[in-house]
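Spelled out, the chains give:
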Amino acid sequence: YGTPQYQGVANQVLSTYPQAILLAEGLIDAQGNVARRATDVVRDCQGEICAYYRYLQGTSMAAPHVSGVVALIISQYGT
């Protein structure tokens, strides 16, 4: 998995991400604009309120998906 071909956004999970961390890492500027190099950051604004998302990987991203699949299986076939 650690090869570049698998590290694209198509193989990751879009998750909420703190604005303060993006700012500290230089991935957004003081006005909240996403830096060009930050290809894994998404900004979504409703009026003047913006939310930031980032493509991530790892167990904390996989666990909710696995739990959801297990819930679907149990709902279909019971305990």
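This text goes with the structure placed above it.
Report follows, based on the coordinates. (Residues numbered from 1 in each chain as written. Predicted model: local features only at pLDDT ≥ 70, side-chain atom pairs only at ≥ 80, totals over all residues. Heavy atoms only, no water.)

With that out of the way, let us pick up the pairing of strand β2 (residues 41-46). Sheet analysis places β2 next to strand β3 (residues 49-56), joined by six bridges and oriented antiparallel. Its bridge partner being in β3, Val-42 is matched across the sheet by Tyr-53. The antiparallel hairpin formed by β2 and β3 contains two residues in its connecting segment, where Gly-47 sits at a positive phi of about 70°. (Pairing = 2+ DSSP bridges. Helix = DSSP H or I, 4+ residues; strand = E, 2+ residues; numbered from the N terminus.)

The final tally for this structure, using the stated rule, is two salt bridges. A salt bridge links Asp-40 to Arg-54, with the nearest nitrogen and oxygen atoms 3.0 Å apart. Taken as a pair, Asp-40 in the loop between α1 (19-24) and β2 and Arg-54 in strand β3 lie far apart in primary sequence, 14 residues in all. By relative accessible area, which is 18% here, Asp-40 ends up buried. (Salt bridge = Lys/Arg side-chain N within 4 Å of Asp/Glu carboxyl O. Buried < 20%, exposed > 50% of the residue type's maximum accessible area, 1.4 Å probe, protein only.)

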